[in-house]
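Residue-level listing of the chains:
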Amino acid sequence: MSKQLLPVYDKPMIYYPLSTLLLAGVREILLISTPHDLPGFQRLLGDGAHVGLEISYAAQDQPNGLAEAFVIGADHVRGGPSALVLGDNIFHGPSFSSTLQQAAGRVTSGESGCVLFGYPVKDPQRYGVGEADDDGRLISIEEKPEHPRSDRAITGLYLYDEHVVDIAASIEPSPRGELEITDVNRAYLEQGRAHLQDLGRGFAWLDTGTHESLMEAGQYVRVLENRQGVRIACIEEVALRMGFIDARQCHDLGARQAGSGYGEYVMAVAERFGSP
């Protein structure tokens, strides 16, 4: 994918969606947040050049729906494929990068206009739910259905072709006054150009939009990092593995935080990849 829209509402979560973008091979990012929060993100991330990214910023003045990201960011993504990821979603699992790049290839090749990511849940009535055929083509999408046709919840990660800007501009606000991302997805469904990528067993999708789910995510990350000795969503490490920066650059980034366990981890990663 060439470009990315990233609405973010929780500053400490920023590194998780950022790492998702890097794993997908995305380097041009438009970070969308509230006017109040944007300066904090700009101070934290700058232009992203230190990890091989190009980050720009835009404000969403009112919570007018996820699909408004493609209205706000029309000039950023127009003319090419793009993606949308929510700032409060965590994705973690084996071969995630190859899964993302394979899904992105469907869009860039024209095989699909839209790729959604489905995750099996025990209570699909609480989510937007997608149903796909044996080839992964989306055949239905429902919002919080009383009788779900599938147990695949639609996660907060979406890949689109170049037509998404026009589709988002054409939809009408829902009864709650928002431009709904489901209406964008339904437009691709009606065209027969939407796919559902199943994340399946062994994968973790965490939506941290509530205090309870945020605590659960924190426990998951803490246990995994302590047990395996790795850092989830270490953007310096991901940038190095993706070839966006070299080992010396990575080591220098760690050295700037040498007094912390995080900085020491980044330097150790760089040293394992090659002498800085």
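Residues numbered from 1 in each chain as written. Predicted model: local features only at pLDDT ≥ 70, side-chain atom pairs only at ≥ 80, totals over all residues. Heavy atoms only, no water.

(A) Region of interest: the confidence of the model for the chain. Per-residue confidence for the chain averages 90 on the pLDDT scale, and 95% of its residues sit at or above 70. Note that pLDDT drops below 50 for residues 7-11; the model gives that stretch 17 contacts with residues more than four away or on any other chain. (pLDDT = per-residue confidence, 0-100. Contact = heavy atoms within 4.5 Å.)

(B) Looking closely at helix α11 (residues 261-273). Taking 1.5 Å of rise per residue, the 13 residues of α11 would be expected to cover 18 Å, and the 19 Å separating its terminal C-alpha atoms lies within 8% of that figure. The set of residues buried in α11 consists of Gly263, Tyr265, Val266, Met267, Val269 and Ala270. Residue Gly274 follows α11 closely and has a positive phi angle near 155 degrees. (Helix = DSSP H or I, 4+ residues; strand = E, 2+ residues; numbered from the N terminus. Expected span 1.5 Å × (residues − 1). Buried < 20%, exposed > 50% of the residue type's maximum accessible area, 1.4 Å probe, protein only.)

(C) View of the packing of helix α10 (residues 247-255) against α11. One way to put it is that α10 packs onto α11 with a least axis distance of 7 Å and a crossing angle of 165 degrees. When the interaxial angle is binned, α10 and α11 end up roughly antiparallel. For the pair α10 and α11, the sense of crossing is left-handed. Here Ala247, Cys250, His251, Leu253, Gly254 and Ala255 of α10 lie close against α11, whose contacting residues are Gly263, Val266, Met267, Ala270, Glu271 and Phe273. Of the residues in the contact of α10 with α11, the class split is eight nonpolar, three polar and one charged. (Axes fitted to C-alpha atoms, helices over the stretch in contact; angles between N-to-C directions. Parallel < 35°, antiparallel > 145°, perpendicular 65-115°, else oblique. Left-handed = near helix turned anticlockwise from the far one by under 90°. Nonpolar A, V, L, I, M, F, W, Y, C, P; charged D, E, K, R; others polar.)

(D) Representation of the pairing of strand β10 (residues 194-198) in the model. Counted residue by residue, β10 has four buried out of five residues, so it is predominantly covered. Of the strand pairs in this sheet, strand β6 (residues 114-120) and β10 are connected by five bridges, and their pairing is parallel. Within β10, the position partnered with Cys114 by the bridge is Ala194. (Pairing = 2+ DSSP bridges.)

(E) Representation of the packing of aromatic side chains in the model. Taken as a whole, this structure holds seven aromatic pairs when the rule is applied. Members of the aromatic cluster, connected to one another through ring pairs, are Phe70, Tyr158, Tyr160 and Tyr188. (Phe/Tyr/Trp six-rings, centres within 6.5 Å; stacked < 30°, edge-to-face > 60°.)

(F) Spatial organisation of the layout of surface pockets. The computed volume of the largest pocket comes to approximately 1,400 Å³. Lining the largest pocket are 40 residues; nearest its centre among them are Leu86, Arg126, Tyr127, Trp205 and Asp207. Those elements that place two or more of their residues in the lining of the largest pocket are β8 (138-143), β9 (152-160), α7 (181-191), β11 (204-207) and α8 (211-228). Element by element, the count of residues in the lining of the largest pocket is highest for α7, at five residues. Here the lining of the largest pocket is built from residues that sort into 14 nonpolar, 12 polar and 14 charged. Lining the second largest pocket are 22 residues, and of these Leu23, His92, Arg231, Ala233 and Val238 sit closest to its centre. (1 Å grid on protein atoms, 1.4 Å probe; cavity = no way out; pocket = protein on both sides within 12 Å on 5 of 7 lines; lining within 4 Å. Points joined across faces, edges and corners; volume = space filled by probe spheres on them.)

(G) The nonpolar core, seen in detail. Ranked by internal contacts, the top residues of the largest apolar core, which has 46 residues, are Leu18, Leu53, Phe91, Phe117 and Leu159. One finds Phe70, Cys114, Ile154 and Leu189 within the second-largest nonpolar core, a separate group that totals 29 residues. (Core = buried A, V, L, I, M, F, W, Y, C linked by side-chain atoms within 4.5 Å.)

(H) Focus on the pairing of strand β3 (residues 54-59). Here strand β2 (residues 28-33) runs beside β3; their pairing, made up of six bridges, is parallel. When the sheet's bridge partners are listed, Leu30 is paired in β3 with Ser56. Chirality of the crossover, the property in question, places the unit of β2, helix α2 (residues 38-45) and β3 among those that are right-handed. (Right-handed = clockwise from strand over helix to strand, strands pointing away.)

(I) Local environment of the environment of Leu44. Mapped onto the secondary structure, Leu44 falls in helix α2. Take Leu44: its relative accessible area is 38%, and that puts it in the partly exposed class. C-alpha of Leu44 to C-alpha of Ile14: the two residues are 30 residues apart in sequence and 9.7 Å apart in space. Filtering out sequence-adjacent residues up to four positions away, Leu44 remains in contact with Ile14 and Tyr15.

(J) Here's a closer look at the pattern of salt bridges. By the definition in use, this model includes 10 salt bridges. Here Asp183 ties to Arg186 by a salt bridge, and the two come within 3.3 Å at their closest N and O atoms. Residue Asp183 and its partner Arg186 are both found in helix α7; the two are separated by three residues, about one turn of the helix. On the basis of relative accessible area, Asp183 is assigned to the partly exposed category, the value being 25%. Arg186 gets classed as partly exposed once you look at its relative accessible area, which sits at 27%. When salt bridges that share partners are traced, they join Asp151, Arg152 and Asp198 into one network. (Salt bridge = Lys/Arg side-chain N within 4 Å of Asp/Glu carboxyl O.)

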